[in-house]
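For reference, the chains in residue letters:
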Protein chains: 2
Amino acid sequence: MNDKRPTQLMEHDMFDNLPRGTIVIEDLEVGMTRHLQKQVTDRDIELFAEVSTDRNPVHLDDAYAQDTIFEGRIAHGMLTAGLVSAVIGEQLPGHGTVYLGQTLKFMAPVRPGDMVRAEVTVEAIDHAKRRVTLATRCLVGDTVVLKGEAVVLAPSRKFD
Amino acid sequence: MNDKRPTQLMEHDMFDNLPRGTIVIEDLEVGMTRHLQKQVTDRDIELFAEVSTDRNPVHLDDAYAQDTIFEGRIAHGMLTAGLVSAVIGEQLPGHGTVYLGQTLKFMAPVRPGDMVRAEVTVEAIDHAKRRVTLATRCLVGDTVVLKGEAVVLAPSRKFD
């Protein structure tokens, strides 16, 4: 672990994705971890529906959603996945990262108003290929709602 | 293949995700396919940045993005993935589907103004578990920009 952020800063980023920037592959270490927390709002769900064209009523229609196994509206799974990619693209490795792949397992629903914590942890580093494997997961409270693994091409001091 | 939509309707849905609805597992067949086409706009990228909190300048800053290997701004990968989930959630199997998992390989960038075609095809059906495996891919012209596989719990006539 090599997390140099002071505790105070980690508390300040409760509701946003900070600090932003780049950690080049030469500075990455297995076990290094970054996260963000964000409340998923009705506005987020509406905007995601517009961008994706996914207007499935389980996301948008209270009466319909009440009658599903979710017993209420839920956020689009890819909206939650977007929070994972935000940690990767903004923090770990951050700007300059090329996203190669991601696996996603949707474990539990995210509901409007839920505070989602997206966590990314370095699992493996292939310096020859500049490839980094990251464990990714999202939680609502203690419930893991999304888990998976990302593979990225990390920025390097040598190529910048 | 069991695509009963007339050619005329398939042309009409060039720019949106139609027809919407449900295909229950009893009516699914291996090889069945559905798609949407959507142009990814600057507004989409801006809205996705807001929802995800991913304001990586490769998506938003022309001058920064010009100096990257992409030589220009690109859409968030999860925005493109959202189009895949829209086909699944709206068409195949559609409303009532429970998204269990998705793999994503990002093959090539999507740029503002690109018309993305998201395609979903039934690969395997497990009637006992109500699980359906779907091949998923997105294209810009003839270039595959995203490919992967989805696993869903399909709606059933017996449970509705």
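Residues numbered from 1 in each chain as written. Chains lettered and ligands numbered in written order. Predicted model: local features only at pLDDT ≥ 70, side-chain atom pairs only at ≥ 80, totals over all residues. Heavy atoms only, no water.

1. Quick notes on the relation of the copies chain A and chain B
For the pair chain A and chain B, the relating rotation is 180°, the translation along its axis is 0.0 Å, and the fit reaches an RMSD of 0.0 Å. Seen this way, the second copy is the image of the first under a two-fold rotation axis. Minimal C-alpha separation from the rotation axis in chain A is found for Thr 103 of chain A, amounting to 2.2 Å. In this assembly, 100% of the residues forming the interface of chain A have copies in chain B that are likewise at the interface, indicating an isologous arrangement. (Least-squares fit on C-alpha atoms with pLDDT ≥ 70 in both. Contact = heavy atoms within 4.5 Å.)

2. Some remarks on the interface of chain A and chain B
Counting residues at the interface gives 41 residues for chain A and 41 residues for chain B. Regarding the contact of chain A and chain B, the summed buried area is about 3200 Å², with carbon and sulfur atoms giving 59% of it. Per-residue buried area on chain A facing chain B is highest for Val 51, Thr 53 and Met 78 of chain A; these three make up 20% of the total on that side. Here chain A is connected to chain B by two salt bridges. (Buried area = accessible area lost by both parts, 1.4 Å probe. Salt bridge = Lys/Arg side-chain N within 4 Å of Asp/Glu carboxyl O.)

3. Observations regarding the sheet that holds strand E4 (residues 131-140) of chain A
Within a sheet, each strand pairs with its neighbour through backbone hydrogen bonds, oriented either parallel or antiparallel. On the basis of which strands lie adjacent, the open sheet formed by ten strands has the order E1(A)-E3(A)-E4(A)-E5(A)-E2(A)-E2(B)-E5(B)-E4(B)-E3(B)-E1(B) and antiparallel pairing. A strand with exactly one partner marks an edge of an open sheet, and here the two such strands are strand E1 (33-39) of chain A together with strand E1 (33-39) of chain B. Strand-to-strand twist across the sheet, computed as the mean angle between neighbouring axes with direction ignored, equals 20°. Pairing of strand E2 (residues 98-106) of chain B with strand E5 (residues 143-153) of chain B, which is carried by eight bridges, proceeds in the antiparallel orientation. Within the sheet, the bridge partner assigned to Gly 101 of chain B lies in E5 of chain B and is Val 151 of chain B. Against the sheet, helix H5 (residues 77-90) of chain B contacts strand E2 (98-106) of chain A together with E1, E2, strand E3 (115-126), strand E4 (131-140) and E5 of chain B, and its axis sits at roughly 140° relative to E2 of chain B. (Pairing = 2+ DSSP bridges. Helix = DSSP H or I, 4+ residues; strand = E, 2+ residues; numbered from the N terminus. Axes fitted to C-alpha atoms, helices over the stretch in contact; angles between N-to-C directions.)

4. Digging into the packing of aromatic side chains
The tally for this structure, following the rule as stated, stands at three aromatic pairs over all chains. Relative to Phe 48 of chain B, the ring of Phe 48 of chain A has its centre 6.1 Å away and its plane inclined at 50°; by these criteria the two rings are tilted. Of the two residues, Phe 48 of chain A is situated in helix H2 (residues 42-52) and Phe 48 of chain B in helix H2 (residues 42-52); the pairing between them involves two chains. What makes Phe 48 of chain B buried here is its relative accessible area of 3%. (Phe/Tyr/Trp six-rings, centres within 6.5 Å; stacked < 30°, edge-to-face > 60°. Buried < 20%, exposed > 50% of the residue type's maximum accessible area, 1.4 Å probe, protein only.)

5. As for the pairing of E5 of chain B
All names here are of chain B. With ten bridges connecting them, E4 and E5 associate as antiparallel partners. Bridge pairing links Ala 135 to Glu 149 in E5. Here E4 hands over to E5 after two residues, with Gly 141 in that stretch at a positive phi of 60°.

6. Quick look at the packing of helix H5 (residues 77-90) of chain A against H2 of chain B
In contact at an axis separation of 9 Å, H5 of chain A and H2 of chain B are set at 85° when each is read in the N-to-C sense. Accordingly, the angle class assigned to the pair H5 of chain A and H2 of chain B is roughly perpendicular. When H5 of chain A is examined against H2 of chain B, the residues Leu 79, Gly 82, Leu 83 and Ala 86 of chain A are found in contact with a partner set consisting of Phe 48, Val 51 and Ser 52 of chain B. Considered class by class, the residues forming the contact of H5 of chain A with H2 of chain B number five nonpolar, two polar and no charged. (Parallel < 35°, antiparallel > 145°, perpendicular 65-115°, else oblique. Nonpolar A, V, L, I, M, F, W, Y, C, P; charged D, E, K, R; others polar.)

7. With respect to unusual backbone geometry
Peptide bonds are trans in most cases, and residues, glycine excluded, mostly fall at negative phi. Backbone torsion omega between Leu 92 of chain A and Pro 93 of chain A reads 0°, so that peptide bond is classified as cis. Located in the positive-phi region is Arg 130 of chain A, a residue other than glycine, with phi close to 60°. Topologically, Arg 130 of chain A is positioned in the loop between strand E3 (115-126) and E4. Even without being glycine, Thr 53 of chain B reaches a positive phi, approximately 70°. Along the chain, Thr 53 of chain B falls in the loop between H2 and helix H3 (57-60).

8. Thoughts on the environment of His 35 of chain A
Along the chain, His 35 of chain A falls in strand E1. Considered as a pair, His 35 of chain A and Leu 83 of chain A are 48 residues apart in the sequence and their alpha carbons are 9.2 Å apart.

9. Topic: the pattern of salt bridges
Tallying each qualifying case throughout the model produces 18 salt bridges over all chains. The partner of Arg 73 of chain A in a salt bridge is Asp 42 of chain A, with the nearest N and O atoms 2.7 Å apart. With a gap of 31 residues between them, Arg 73 of chain A in the loop between helix H4 (62-66) and H5 and Asp 42 of chain A in helix H2 connect regions that are remote in the sequence. Put simply, Arg 43 of chain A and Glu 50 of chain B hold a salt bridge, and the shortest N to O gap is 2.8 Å. With one member in each of two chains, Arg 43 of chain A in helix H2 and Glu 50 of chain B in helix H2 form a pair that bridges those chains. One salt-bridge network, held together by shared partners, links Asp 42, Asp 62 and Arg 73 of chain A.

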